[in-house]
Amino acid sequence: MTTARPAPDPELQELLADMPLMSQLSPEVLAQVRPFSSMPVEPLLEGRAIDRREITVPSPDGTPIPLSVYSPANTGPTTAAPCVYWIHGGGMVMGDRFSQIDIPLEWLDELGAVVVSVDYRLAPEATGIIPVDDCYQGLLWIAGHAAELGIDPARIIVAGASAGGGLAAGVTLLARDLGTPTIAAQVLIGPMLDHRNTTTSSLQYSNRPGVWTREMNGFGWRCLLGDLTDDEVPAYVSPALADDLAGLPTTYIDTGSAEVFRDEDTDYATRIWAAGGQAELHVWAGGFHGFDALYPKAHISTTARRTRTNWLTRTLPTNPAA
């Protein structure tokens, strides 16, 4: 029996008609699609007054972790800027630090934020806690080089989309539990939070081709978890497992009504509220997974992106004294 499910937004549905869709991922298919999972960053930087630098920081096992740093070009005296630490999506198995980078670059334009994007190691080559640890090491580097970067260490935002949203949530939990560094806010865009993959929305978006299906999601999690049993999965890897969501920074979560992650994302926001925290949740009617990254000019996408930016503007005013 076919499970009823919310339909995509009509404009998105029309745009999606030209996109080849899959229902499954396999190691063979992953090898084919990985080279196409990121776009060059240079066209996005054209016409923008941005200074770019590339650095590496060591992971706990000594593996170099590449970071890209994008700063507003200095045109005169400035105050310390907010910093957006960007963690890319790709189901834990694809993408790189340039994936979806157009999203935080909008915050550079509008908030004067310094954007730092991390190239964490991907599954299945890297499993378990390794990607979260890579992202955490990058965050520690930012906090330790705040003066050099020209950022305000009290206004570091951790943000990510899809797998990057899940990693952002895991890194934020890790920073809370270790007591450092201070994170001012987290922005979780369609985050991948729950390896159990058993919610109603997960079951609704299965057995048919899509942008990201339950079957593809299961493949990504299996690649990441490797030999870990359910009892061994840390909450930093699958943040929905966290027993306590108290003490988290103010949080923005958005998702679509027509996607696998809808229910785990809304549940995460609900549990932050239940723990006494502050979260803003948006469920975009007819939004499928990654809609605003795939089709940024669609009406629903421009609305979602503008709403996110407006929230950051309210939460982290450009003037630290505001």
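Residues numbered from 1 in each chain as written. Predicted model: local features only at pLDDT ≥ 70, side-chain atom pairs only at ≥ 80, totals over all residues. Heavy atoms only, no water.

Enquirer: When you look at the overall build of the protein in this model, what are you seeing that I'm missing?
Expert: Counting its regular elements, the protein contains 12 helices and eight strands. Here the protein has a C-alpha radius of gyration of 18 Å; the compact-globule value for 322 residues is 20 Å, and the two agree. Considering only C-alpha atoms, the protein reaches an extent of 65 × 45 × 40 Å along its principal axes. Partitioning the contacts of the protein with sequence separation of at least 6, the portion at a separation of at least 24 is 76%. Only carbon and sulfur atoms are counted for the fraction: they give 55% of the accessible area of the protein, which is about 13400 Å². Charge-centre separation for the protein: the mean point of 20 positive side chains lies 3 Å from the mean point of 38 negative side chains. (Helix = DSSP H or I, 4+ residues; strand = E, 2+ residues; numbered from the N terminus. Rg over C-alpha atoms; globule rule 2.2 N^0.38 Å. Contact = heavy atoms within 4.5 Å. Areas by Shrake-Rupley, 256 points an atom, 1.4 Å probe, with all protein chains shown as cover. Lys, Arg positive; Asp, Glu negative; His and termini not counted. Charge placed at Lys NZ, Arg CZ, Asp CG, Glu CD.)

Enquirer: Whenever I open this one, the environment of Ala-80 confuses me. Can you help?
Expert: Within the secondary structure, Ala-80 is located in the loop between strand S2 (64-72) and strand S3 (81-87). Separated by 72 residues in sequence, Ala-80 and Asp-152 place their C-alpha atoms 4.9 Å apart.

Enquirer: Looking at this model, I keep getting lost on the packing of helix H4 (residues 102-111) against helix H12 (residues 299-315). Mind explaining?
Expert: Between two packed helices, what matters for the description is the angle formed by their axes and the separation of those axes. As a packed pair, H4 and H12 sit with axes 11 Å apart at the nearest point and diverge in direction by 45 degrees. When the interaxial angle is binned, H4 and H12 end up oblique. Crossing of H4 against H12: the hand is right-handed. Counting all contacts with H4, which are made through Asp-102, Ile-103, Glu-106, Trp-107, Glu-110 and Leu-111, the residues of H12 involved are Arg-305, Arg-306, Arg-308, Thr-309, Leu-312 and Thr-313. For the contact of H4 with H12, the class distribution of residues is four nonpolar, two polar and six charged. (Axes fitted to C-alpha atoms, helices over the stretch in contact; angles between N-to-C directions. Parallel < 35°, antiparallel > 145°, perpendicular 65-115°, else oblique. Left-handed = near helix turned anticlockwise from the far one by under 90°. Nonpolar A, V, L, I, M, F, W, Y, C, P; charged D, E, K, R; others polar.)

Enquirer: Could you clarify how one ought to interpret the pairing of strand S1 (residues 50-58) in this entry?
Expert: Strand residues, when the strand is regular, have side chains that alternate between the two faces of the sheet. In the sheet, S1 pairs with S2 via nine bridges, with the strands oriented antiparallel. Residue pairing for S2: Arg-53 is matched across the bridge by Val-69. Following S1, the chain reverses through five residues before pairing antiparallel with S2; Gly-62 in that reversal takes a positive phi of roughly 95 degrees. (Pairing = 2+ DSSP bridges.)

Enquirer: What should I look at first to understand the packing of helix H5 (residues 130-144) against helix H7 (residues 163-178) in this one?
Expert: Where H5 meets H7, the closest approach of the two axes is 9 Å, and the angle between their N-to-C directions is 65 degrees. Between H5 and H7 lies a crossing of right-handed hand. Contacts between H5 and H7 involve Pro-131, Val-132, Asp-133, Cys-135, Tyr-136 and Leu-139 on the former and, on the latter, Leu-167, Gly-170, Val-171, Leu-174, Ala-175 and Leu-178. Its residues assigned to classes, the contact of H5 with H7 comprises 10 nonpolar, one polar and one charged.

Enquirer: Before we go on, may I ask you to explain a negative patch on the surface in this structure?
Expert: On the surface, Asp-227, Asp-230, Asp-231 and Glu-232 cluster together into a negatively charged patch. Structurally, the position occupied by Asp-231 is in the loop between helix H9 (214-225) and strand S7 (250-256). (Patch = residues over 30% accessible without salt bridge, like charges linked within 9 Å, V, L, I, M, F, W, Y side chains within 5 Å. Salt bridge = Lys/Arg side-chain N within 4 Å of Asp/Glu carboxyl O.)

Enquirer: Any chance you could explain unusual backbone geometry here in plain terms?
Expert: Note: most peptide bonds trans; most residues except glycine with negative phi. With omega at 5 degrees, the peptide bond leading from Ala-123 into Pro-124 counts as cis. With respect to the helices and strands, Pro-124 occurs in the loop between strand S4 (114-118) and H5. Here the bond from Thr-180 into Pro-181 is cis, since omega is -10 degrees, no more than 30 degrees from zero. The phi dihedral of Met-92 is positive, around 75 degrees, even though this residue is not glycine. By secondary structure assignment, the location of Met-92 is in the loop between S3 and H4. Even without being a glycine, Asn-197 presents a positive backbone phi close to 60 degrees. Structurally, the position occupied by Asn-197 is in the loop between strand S6 (185-189) and helix H8 (200-204).

Enquirer: What is the right way to read helix H10 (residues 262-274) from this model?
Expert: An α-helical segment advances 3.6 residues per turn. Residues three or four places apart therefore align on the same side. Over its 13 residues, H10 runs 18 Å from end to end, which matches the ideal 18 Å to within 8%, given 1.5 Å per residue. Each element contacted by the buried residues of H10 is listed here: H7, S6, H8, S7 and strand S8 (279-284). Gly-276 lies just past H10 and shows a positive phi near 90 degrees. (Expected span 1.5 Å × (residues − 1).)

Enquirer: Would you mind showing me how to read the nonpolar core here?
Expert: Across soluble globular proteins, you tend to see nonpolar side chains buried next to one another. Among the nonpolar cores identified, the biggest contains 65 residues, and Tyr-85, Ile-87, Ile-142 and Tyr-268 are the most heavily contacted of them. The element contributing the most residues to this core is H7, with eight residues. Among all residues touching Ile-142, those that are not within four sequence positions of it are Cys-83, Tyr-85, Val-116, Leu-149, Ile-151 and Ile-156. If you look at the next biggest cluster of nonpolar residues, it comprises 35 residues, including Trp-107, Ala-113, Ala-159 and Phe-291. (Core = buried A, V, L, I, M, F, W, Y, C linked by side-chain atoms within 4.5 Å. Buried < 20%, exposed > 50% of the residue type's maximum accessible area, 1.4 Å probe, protein only.)

Enquirer: What is the right way to read the pattern of salt bridges from this model?
Expert: Should their charged atoms come close, side chains of opposite charge can pair. All told, the structure shown has 19 salt bridges when counted by the stated rule. Taking the shortest distance from any N to any O, the salt bridge between Asp-134 and Arg-121 comes out at 2.9 Å. Of this pair, Asp-134 sits in helix H5 while Arg-121 is found in the loop between S4 and H5, placing the two residues 13 residues apart along the sequence. The network of salt bridges with common partners includes Glu-42, Arg-52, Glu-54, Arg-97 and Asp-119.

On their own, these measurements won't tell you what the molecule is for.
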